[in-house]
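# Geometric and topological summary
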Amino acid sequence: MASILFPNVRIIDGTGAAPYAGEVLIQGNRISRISRGGRAAPIAGVTVIDAAGATLMPGMVEAHTHFAWNNAATLDGIQIMPLEEHTLWTAGVAKTYLDHGWTSCVGAATAKPRLDVVVRNAINEGLIPGPRYMAASQEITVAGSLGDDMLPHLPYPEFSFGQVVSGPEEMRKVVRMFLKYGVDSIKLNLSGESITGMGAEETPMSEEEVAMAASEARCRNKVLSAHARSSGSVKQCIRHGIQNIYHASFADEEALDMLEAVKDKHFVAPGIAWLINTARHAEQWGIKPGSPLSLEYERELEMCIETMKKMHRRGIRICIGGDYGFARTPQGENARDIAHFVRYLGYSPSEALVCATRFGAELMGLGDAAGQLREGYLADLLLVDGDPEADVELLQHRERLVAILKGGAVHKLDRAALLRREQRAAE
């Protein structure tokens with residue numbers, strides 16, 4: 001793997017510290033040297049890419065990813081895709097994420113039992129381009145809750161969106177099946193979801209079922225994630241050591257106190273775009289503004305904003321990402337969440353970028369190897385035409401990502417964009 005030198009860069013290091021001018025040397029798959037100020041002595045055999053003052057920052061980490069979601073309007077629309085086409089779609093979405101600057105992603109559920117595992121393995125083997133990936137199970141749920149879309153007259157569990165269990169022993173069997181398949185994480189649906197008819201504030205899975213899943217996953221050193229909108233489900237996550245808490249909109253003060261006490265063990269990803277777009281931008285998919293369902297999501301959005309602000313003040317790690325891959329939250333638009341953190345949740349641009357980089361890497365167990373621009377860390381990097389701290393919306397535009405590196409390997413390099421920067425600087 002070639003050595004690369006980026007002189008003349010503006011560095012955002014992912015720690016929240018002020019940006020600074022410097023140069024960065026990459027050797028192999030790691031960041032070898034970071035120099036502040038002007039160019040240091042040249043090194044023989046190094047490919048020099050003059051950044052012309054562009055911003056170099058860590059690659060982004062999506063904390064709640066559904067590669068298999070196919071931009072359908074409904075859960076059924078995702079699940080009905082045939083397996084062969086679905087595999088190709090999932091592989092294509094993996095490339096889409098890397099194309100948009102997401103060098104790492106955390107699977108939060110897949111649509112068919114082995115889709116995530118197969119695509120993760122293909123990425124790791126170099127067969128397809130994609131980010132570092134933690135492969136997830138399907139959603140594990142209970143009858144009548146999110147993920148159980150079997151009709152009473154069509155009881156075909158193999159076509160269900162999620163794996164439906166009833167009781168601890170059924171939970172044990174399903175978790176062990178996914179562990180056999182080689183997943184990195186087990187996903188539980190601990191709360192309802194308004195579009196399914198079970199309210200977001202309901203908590204349908206029993207303590208015994210959750211405890212069994214946690215026990216089986218823990219003995220294999222696997223991560224647990226949960227769809228947890230209700231306050232009761234957030235408390236279940238804390239009691240049973242479920243690391244990744246997705247949504248958490250209705251967490252009450254008791255839940256917040258519990259979470260703050262163990263905040264070094266958990267991460268929260270609210271998936272705020274899903275709430276905004278369902279409440280306000282889903283009329284063409286049958287959810288009219290002002291309708292009962294729209295108002296329910298508007299109410300949850302208000303609760304989510306209030307709850308996330310409280311978590312932020314308490315120092316709880318909140319990560320970027322969630323529920324992209326539906327018609328109203330299409331794949332590739334994930335960086336909108338960074339702007340939403342600034343606009344709705346009160347984060348500064350610098351804080352939101354930490355959520356998208358350092359916190360995400362910590363969630364993946366890579367806190368000492370990725371998510372920051374530091375010597376010795378993995379060279380997962382973005383070169384951005386512009387200043388993301390001045391305008392976080394830049395990260396929503398692929399053309400502003402001049403270079404994308406994963407592990408020192410160049411996925412994208414737009415030399416024409418760098419030349420245009422040099423010409424503008426010379427004028």
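Whatever comes next refers back to the structure up there.
A few words now on the overall build of the chain. Along the chain, the regular secondary structure elements total 13 helices and 17 strands. In summary, the chain has a C-alpha radius of gyration of 22 Å against a globular reference of 22 Å for 427 residues, a match within 12%. When the backbone C-alpha atoms are referred to their principal axes, the chain occupies close to 70 × 45 × 40 Å. Across the 427 residues of the chain, 58% fall into the buried class. The long-range fraction of contacts in the chain, counting pairs at least 24 apart against all pairs at least 6 apart in sequence, stands at 68%. Split by element, the accessible area of the chain, about 16,500 Å² in all, is 52% carbon and sulfur. Placing the 44 positive and 53 negative side-chain charges of the chain at their respective mean positions leaves the two points 5 Å apart.

Strand order in this open sheet of 3 strands is S6-S7-S8, and the pairing throughout is parallel. A single partner strand is all that each edge strand has here, and the edge strands are strand S6 (60-65) and strand S8 (132-134). Strand-to-strand twist across the sheet, computed as the mean angle between neighbouring axes with direction ignored, equals 15°. Pairing analysis gives 4 bridges linking S6 to strand S7 (residues 102-107), with the strands arranged parallel.

A few words on the side chain of Gln243. Counting through the fold element by element, Gln243 comes out in the loop between helix H6 (231-240) and strand S13 (244-247). Reaching out from Gln243, the side chain makes a polar contact with the side chain of Asn244 at a distance of 2.8 Å. Among the polar contacts listed, one links the side chain of Gln243 to the backbone oxygen of Leu363, at a separation of 3.0 Å.

What follows covers the state of the cysteines. By the definition in use, this model includes 0 disulfides. With no disulfide of its own, Cys355 lies closest to Cys319 among cysteine sulfurs, the gap being 6.8 Å. Of the residues examined, Cys355 reaches a relative accessible area of 1% and is grouped as buried.

Relative to the helices and strands, Pro292 resides in helix H9 (residues 292-313). Sequence separation of Pro292 and Pro58 is 234 residues, and the distance between their C-alpha atoms is 42 Å.

On to the pattern of salt bridges, then. Under the criterion given, the structure shown has 29 salt bridges. A salt bridge links Arg280 to Glu298, with the nearest nitrogen and oxygen atoms 2.7 Å apart. Of the two residues, Arg280 is situated in helix H8 (residues 272-280) and Glu298 in helix H9; the sequence distance between them amounts to 18 residues. The exposure class assigned to Glu298 is buried, which follows from its relative accessible area of 19%. A salt bridge links Asp385 to Arg424; the nearest nitrogen and oxygen atoms lie 3.4 Å apart. Of this pair, Asp385 sits in the loop between strand S15 (381-384) and strand S16 (401-406) while Arg424 sits in helix H13 (residues 415-426), placing them 39 residues apart in sequence. The class of Asp385 is buried, set by a relative accessible area of 11%.

Overall, the coordinates contain 3 cavities of 30 Å³ or more when judged by the stated rule. Considered as a void within the structure, the largest cavity measures approximately 120 Å³ in volume. Along the wall of the largest cavity there are 16 residues; nearest its centre are Glu139, Leu146, His227, Asp323 and Phe326. Classifying every residue of the lining of the largest cavity gives 7 nonpolar, 4 polar and 5 charged. Looking at the second largest cavity, its volume works out to about 50 Å³.

Turning to the sheet that holds strand S11 (residues 185-189), a few remarks are in order. Strands belonging to one sheet form pairs held by backbone hydrogen bonds; the direction of such a pair is parallel or antiparallel. Strand order across the open sheet formed by 6 strands is S10-S9-S11-S12-S13-S14, with parallel pairing between neighbours. With partners counted over all chains shown, the strands left at the sheet margins are strand S10 (163-164) and strand S14 (267-269), one partner each. In this sheet, S14 lies alongside S13 in parallel orientation, the contact comprising 3 bridges. Directly across from Ile245, in S14, lies its bridge partner Val268.

Let us now look at the packing of helix H10 (residues 336-345) against helix H11 (residues 349-356). Running from N to C, H10 and H11 cross one another at 140°; their axes reach a closest spacing of 9 Å. Taken together, the axes of H10 and H11 are oblique relative to one another. Read as a crossing pair, H10 and H11 show a hand that is right-handed. Touching Ile338, Phe341 and Val342 of H10 are Pro349, Ala352, Leu353, Cys355 and Ala356, all from H11. For the contact of H10 with H11, the per-class residue count stands at 8 nonpolar, no polar and no charged.

A word on H8. In terms of residue burial, H8 counts as a mostly covered element, since 8 of its 9 residues are buried. Every buried residue of H8 is accounted for by Ile272, Ala273, Trp274, Leu275, Ile276, Asn277, Thr278 and Ala279. Against H9 and H10 lie the buried residues of H8.

Cut-offs applied
- Throughout this document, residue positions are counted from 1 along each chain, in the order its sequence is written.
- For a predicted model such as this one, the threshold for reporting local features is a pLDDT of at least 70, and the threshold for listing and counting side-chain atom pairs is 80 or more; totals across whole chains, interfaces and linings nevertheless cover every residue.
- Side-chain metrics rest on all non-hydrogen atoms present in the structure, leaving aside hydrogens and water.
- Every helix listed is a DSSP run of H or I at least four residues long, and every strand listed is a run of E at least two residues long, numbered separately from the N terminus.
- In this setup the radius of gyration rests on C-alpha atoms only. A globule is expected at 2.2 Å times the number of residues raised to 0.38.
- Classification of residues uses two cut-offs on accessible area relative to the type maximum, computed with a 1.4 Å probe and protein chains only: under 20% is buried, over 50% is exposed, and between them is partly exposed.
- In this analysis, two residues are considered to be in contact whenever any of their non-hydrogen atoms come within 4.5 Å of each other.
- Accessible surface area values rest on a Shrake-Rupley calculation with a 1.4 Å probe, where residue burial reflects the displayed protein chains alone.
- Here the positive residues are Lys and Arg and the negative ones are Asp and Glu; neither His nor the chain ends is included.
- In this description, the location of a charge corresponds to atom NZ of lysine, CZ of arginine, CG of aspartate or CD of glutamate.
- Two strands qualify as a pair provided DSSP detects at least 2 bridges between them.
- Note on geometry: axes are C-alpha line fits, over the in-contact stretch for helices, and angles between N-to-C directions span 0 to 180 degrees.
- Nitrogen and oxygen atoms within 3.5 Å of one another constitute a polar contact, given that in protein one can donate a hydrogen and the other can accept it, and given that sequence-neighbouring residues count only through two side-chain atoms.
- In this description, a disulfide is simply a cysteine sulfur pair whose atoms lie within 2.5 Å.
- Salt bridges, as used here, are contacts in which a Lys or Arg side-chain nitrogen is within 4 Å of a carboxyl oxygen on Asp or Glu.
- Buriedness for pockets is judged along seven lines, at least five of which must meet protein on both sides within 12 Å for an open set on the 1 Å grid over protein atoms alone, while cavities are sets there where a 1.4 Å probe fits but cannot get out, and lining residues have an atom within 4 Å of a point.
- Grid points are joined across faces, edges and corners, and a volume is the space filled by probe spheres set on the points.
- Lys, Arg, Asp and Glu make up the charged group, whereas Ala, Val, Leu, Ile, Met, Phe, Trp, Tyr, Cys and Pro make up the nonpolar group; the residues left over, Gly among them, are polar.
- Each angle gets one of four labels, with under 35 degrees taken as roughly parallel, over 145 as roughly antiparallel, 65 to 115 as roughly perpendicular, and the rest as oblique.
- Put simply, a crossing is left-handed when the front helix is turned counterclockwise from the back one by less than a right angle, and right-handed when it is turned clockwise.

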